[in-house]
Structures are given as C-alpha cells and as structure tokens.
Amino acid sequence: MNLPVKLPVLAEDLPLITDQDNIPLDVILRGLEEQYKVEKSDYWLSYLVYFYYEKFKVLLNEKNYAEAEEILKKVKELHYDYRYHFYNALLQAKMGNYEFAEIEFKQALTLNPDFALAYYELGNVLFAEKDYEDAIEAYRKAYEKDPNFLLPLLKIGDTYMELGQLDDAEMFYKSIIARDKLHQYATKEGLEIEPMPEAYLRLGVLYNLRQQYEKAEEIFKLGLSTGKKAEITYNLAYTLTKLGKHMEAYKILLDLSKEVQTPEVLNELGILQRRLGLYEEAYETFKKIEEHFPENFERIQFYVGKKDFESEYINEMKKAESVLEKVKFPFEKELEIIIESTDDDGNILIDKFAEITKINIQPFDNHNPNFENFPYILSGMYIAGTDPIIMEKNATILTIATIGTGLPLACTTTILRLYQYILSNESNVDHFIEDIHPEIDELHFDFSKQLLELLNQPLDNFFDAEITNYAEFTLNLVKAIGYFPTKEEIENIKNEMLRKTVGFLVEIMNKIRKV
C-alpha cells in the first residue's frame, strides 16, 4: 500500500487494525493528518498528499463528487503541483464538464510534459467531445511518452472504429497483439509483458463487423488463451453460430451462463437452446429474463405447450388443410415410420424414432451434410398438418437427430419456410429469399450468402444438377419452386429425391390456387 516504514495511527483507531491484513484508508489518513500537524516535514507531507489522492480516487469511483472536490481543496492548500490539475480534470470529466477538463489536463501537461497518463486522459475527453483527430494525437503522445503503456494504442483503434476506418483500427489492435505474442518469450527472459485481452476482443468484433467470421473465431480463441474473459467468450459464441458451429457455441454459452448470469448472456443461450430443439431448457432460461426479453419468453411458450398458436395468431396456412389431404406424399415408407414415432398431436418422439430406425443420435456440427434422411424431415413437417409450431419442432429435432446441427439446420429451416410459404399460397421466390435471409444468416452465414446469390442466377439449371450434399439439394429445390415446372418438366429432373420433392410441392401449389 506504499505505506511509510512507521505508520502513525490514532489510539482510538487501533482496534480497527488489530489482527487485520489491511489498514482502512481513513485510518491511514487520520494518522498522517495528526502526524503532519506535529511534524511538518516533507517526508510526512508526501505521504499525506499521496493518500489524499488515493481517497480522491475512491470518492470519484463512488461518484461522490462533492467530497472528492473537498479533498482536492485540502491537497492544494498543502502542496500544489501538476497532480492537482490532473485529478481536478478527472473530476470535471466525470461530471461532464469536458471543456474545463480539457483545460485542466493541458495545464497538468504544461507543468509535467512527460506525464503519459495525462495525455491519455486528455484523449478520452477529446473523444467524448467527438474531436477525434485531436484525440488520436493525444493518444499518440501518451504512447510516445511511455511505450509500455498500451491503452493509448487500444484507444486509437477505438477512435478509428468510431470513424468507420476499420483498416486503421485493425492495424493498431494487431500492433498490441503482436506485442502480446512476445509474452512467452519475454517471460523466459525475465521480462514482464502483460497480455491485453481487450485488443483481441476489439479485433474480433471488427472481424465480425466485416463478416470475416473465420478470422474472428481465430482471434477470439487466441484472446481466450491469454486469459478467460466473459466478453470474448460471449462474442465468440455469436461468431460460432454464424459459422454453423452451433454445438460448440452452445457449450461455451452454457458454461458462461453459470458464471455470468446477465440478461444478454441468458438470452443468447435461450435462443440457441430453441434452435437446437431444447425447448424445455429454453423455456427455463427465458423465464429468468422475462422482464428483459418478454417477446422471447412469449414465443417459447408456444413450443412447450403453454400457449396455443392459433388462439393468438391468424394461421395463414389453415386453408391448405384440405389440400394436404388430397396430395400424395412422395416418401411413404419414411412417413409410416414418422407416424409410428409421433404422439397424438403429431409431435415427434425422438426416442421412439431412434428405436425404430436404429439411428444413433449424437448431435454434432455437420459442415458437409448429406441429404439421404431428408424424407424423414419432410415427413415430420407433413404430419404436423398446418400447425407451424409442431412443424418447426419436428423439422428441427429430426434434422439434428439424422444429419446434425449447423449447416443442416440452415438447410432445413430454408425448406421449412419454403413449405410454409407455399401452404400460405405464396409463390414469389425472390420475396421468399429476401424474407428468410435474416433468419438463415443467423444460422449459417455462408449458406445465407449462397441463398441470396440465387436472386441473380438462372433458375432453370436444376434439371441436370449433380447434387452431392444437403446444401446443394436445398438451393436446387428453391430454384425449382421459383421456376415452377410443369408435370412433364418435373419428370426430367435428374435427381430422384429432388424430383419427388418438387413434384409434391408443385402439386400443393397447383391445388391451393384452385381453392
């Protein structure tokens, strides 16, 4: 605590420090004040002034500005130097008196031109005043005065971020990280270089803004290797969902939520739980933050049977019920298995499904999914009739069980929304893509881009398409519905599963139009 070798303490304060590891700041000040009254030496004065400023910092952090100002007056009467102007500037800045604070910081620098921290705090005031050019100059001077003081570089990066100059911001964040990489070497040589996780956080967020999610993932994980930081973990989870790494994101969010139970963390956890078909878990999560995110809490209630969709909203698909009864489903074998695997309301019983099919259900992020089990997913949608909640639950649970999470969920969600779009008697595929793009973007950024690219591509090249994975199947299905082939043209579709699925959906479209 930077205490003198012999600390003066008032007799009445002795009970406050007996058998204690720490001595209260007020006890130290009272003792030094009395000691200086009886022995006015520079030695005791220096300690008294030092601890007055320590008390000032405490009051400032407590927002007790009136008492903080009184402490400054005491110090000025005892010993006036550059520190008085520096701390007064901090006080004025806290109270929002930025012009006065700027003057005081500059006065402190006049008295002590090498005071790096004053340049840094001056930069913060200029930043608050949106004087970004001068703020950057102040930060630069702070770093020049003390090259071991890295916060000014971080703030220069932040200022460039505020200005939208991402390339410049990236350069400064990287300069800090490059220095951090010397940490291991420096430690071996007996040098002290403390890592700065904030630089990794800022650079990762910058990459997220640029939609460079692979780079963001790399830098966030590198930052976490220097030390656990909740903000980095939270942002990494967001990045991983964009990359379709849902299970990985879920694991780190679940772990984070046990330590940091903020509404924001719990909300992201609940959203991911709902996406992964963990509806009961999502309900319990959203219940904790009902007042902060009421819409998400209301929504999850439909998935756990607390609310009925059709009693709350108009179901635009309702008129398609009679049509579905007249359309022949193309995958009868899979449909029979799904019927055996559902309850009376049409909800999939995943344990029963696994028992019948002998499929080993082990959810994982699948980055190159096949589509051989798609008939089960379509059957799950079909068996739900026109109930959008059961339809989505079945599609989600069956996808995770048979193909995996990540890209498979993005593909299934696209097909689910296309199916619902058709049942609602909508047929403009361009509008469909524009409508669902934000939702798919949250599930898998790269696939959402491929979906958007369909807006500028020909729609008639699905007939002979060589389809090797679920993503290609989904994109060609959207093309085919946009093209709207005749019955004769459908027979020319090379891929059998695509041919059957297109035939089924087009027949629904034709019958609905006649209703």
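Scroll up to find the structure.
Residues numbered from 1 in each chain as written. Predicted model: local features only at pLDDT ≥ 70, side-chain atom pairs only at ≥ 80, totals over all residues. Heavy atoms only, no water.

(A) Region of the structure containing the layout of surface pockets. Roughly 440 Å³ of internal volume is contained in the largest pocket. As for the largest pocket, its lining consists of 17 residues, of which Phe309, Met317, Pro388, Arg417 and Gln420 are closest to the centre. Contributions of two or more residues to the lining of the largest pocket are made by helix H18 (294-303), helix H24 (388-402) and helix H25 (407-423). Classifying every residue of the lining of the largest pocket by side-chain character gives nine nonpolar, three polar and five charged. (1 Å grid on protein atoms, 1.4 Å probe; cavity = no way out; pocket = protein on both sides within 12 Å on 5 of 7 lines; lining within 4 Å. Points joined across faces, edges and corners; volume = space filled by probe spheres on them. Helix = DSSP H or I, 4+ residues; strand = E, 2+ residues; numbered from the N terminus. Nonpolar A, V, L, I, M, F, W, Y, C, P; charged D, E, K, R; others polar.)

(B) Spotlight on unusual backbone geometry. We note that Gln211 has phi near 65°; this positive angle belongs to a residue other than glycine. With phi around 65°, Lys358 is a residue other than glycine that occupies positive phi space. With respect to the helices, strands and loops of the structure, Lys358 is situated in the loop between helix H22 (350-357) and strand S1 (365-366). Owing to a relative accessible area of 70%, Lys358 belongs among the exposed residues under this scheme. (Buried < 20%, exposed > 50% of the residue type's maximum accessible area, 1.4 Å probe, protein only.)

(C) Structural context of a negative patch on the surface. A cluster of acidic residues, Glu316, Glu426, Asp430, Glu434 and Asp435, forms a negative patch on the protein surface. Here Glu316 lies in the loop between helix H19 (309-312) and helix H20 (321-326). (Patch = residues over 30% accessible without salt bridge, like charges linked within 9 Å, V, L, I, M, F, W, Y side chains within 5 Å. Areas by Shrake-Rupley, 256 points an atom, 1.4 Å probe, with all protein chains shown as cover. Salt bridge = Lys/Arg side-chain N within 4 Å of Asp/Glu carboxyl O. Lys, Arg positive; Asp, Glu negative; His and termini not counted. Charge placed at Lys NZ, Arg CZ, Asp CG, Glu CD.)

(D) A look at the packing of helix H23 (residues 374-383) against H24. Orientation of H23 relative to H24, taken along the N-to-C sense of each, is 160°, at an axis distance of 8 Å. Considering the angle they form, H23 stands roughly antiparallel to H24. Considering how the two elements wind past one another, H23 and H24 form a crossing that is right-handed. Residues Tyr376, Ile377, Gly380, Met381 and Ile383 of H23 form the contact with H24, whose participating residues are Met391, Asn394, Ala395, Leu398, Thr399 and Thr402. Classifying every residue of the contact of H23 with H24 gives seven nonpolar, four polar and no charged. (Axes fitted to C-alpha atoms, helices over the stretch in contact; angles between N-to-C directions. Parallel < 35°, antiparallel > 145°, perpendicular 65-115°, else oblique. Left-handed = near helix turned anticlockwise from the far one by under 90°. Contact = heavy atoms within 4.5 Å.)

(E) The packing of aromatic side chains, seen in detail. Under the definition given, this model contains 34 aromatic pairs. On the numbers, 5.2 Å between centres and 85° between planes, the contact of Phe353 with Tyr376 is edge-to-face. Here the residue Phe353 occupies a position in helix H22, and Tyr376 occupies one in helix H23, the gap between them amounting to 23 residues. Residue classification places Phe353 among the buried positions, given a relative accessible area of 0%. Assessed through its relative accessible area of 11%, Tyr376 is described here as buried. Geometrically, the ring pair formed by Phe371 and Phe473 is stacked, given 5.1 Å between the ring centres and 15° between the ring planes. Pair noted here: Phe371 is in the loop between S1 and H23 and Phe473 is in helix H28 (residues 470-483), with a separation of 102 residues, a long-range link. (Phe/Tyr/Trp six-rings, centres within 6.5 Å; stacked < 30°, edge-to-face > 60°.)

(F) Representation of the side chain of Thr357. Within the element layout of this structure, Thr357 appears in helix H22. Judged by its relative accessible area of 18%, Thr357 falls in the buried class. At a separation of 2.8 Å, a polar atom in the side chain of Thr357 contacts the main-chain carbonyl oxygen of Phe353. (Polar contact = N/O pair within 3.5 Å; in protein donor to acceptor, adjacent residues only side chain to side chain.)

(G) Broad picture of helix H9 (residues 151-162). Under the 1.5 Å per step criterion, the end-to-end length of H9 is 16 Å for 12 residues, consistent within 8% with the ideal 16 Å. When you tally the buried positions in H9, you get nine out of 12 residues, the bulk of the element. One or two steps after H9, the chain reaches Gly164, where phi turns positive at roughly 80°. (Expected span 1.5 Å × (residues − 1).)

(H) Focus on H22. Where H22 is concerned, the buried positions are Phe353, Ala354 and Thr357. Buried positions in H22, seen along its axis, are confined to an arc of 95° and lie on one side of it. Turned more than 90 degrees off the buried face of H22, the exposed positions are Asp351 and Glu355. Residues of H22 that are buried in the fold lie against helix H21 (332-340), H23 and H24. Remark: Lys358 follows H22 within two positions and exhibits a positive phi of approximately 65°. (Arc of directions from axis to C-beta.)

(I) The arrangement of the pattern of salt bridges in detail. Inspection of every chain in the model, using the stated rule, returns 30 salt bridges. Across the salt bridge formed by Lys229 and Glu198, the nearest N and O atoms sit 3.7 Å from each other. Placement of the pair is Lys229 in the loop between helix H13 (213-226) and helix H14 (230-242) and Glu198 in helix H12 (residues 197-209), with a sequence separation of 31 residues. Note that Lys242 is salt-bridged to Glu442, the shortest N-O span being 3.3 Å.

(J) Just the environment of Glu290, in detail. Here Glu290 is to be found in the loop between helix H17 (279-288) and H18. Spatially, the C-alpha atom of Glu290 lies 25 Å from that of Asp387, the residues being 97 residues apart in sequence.

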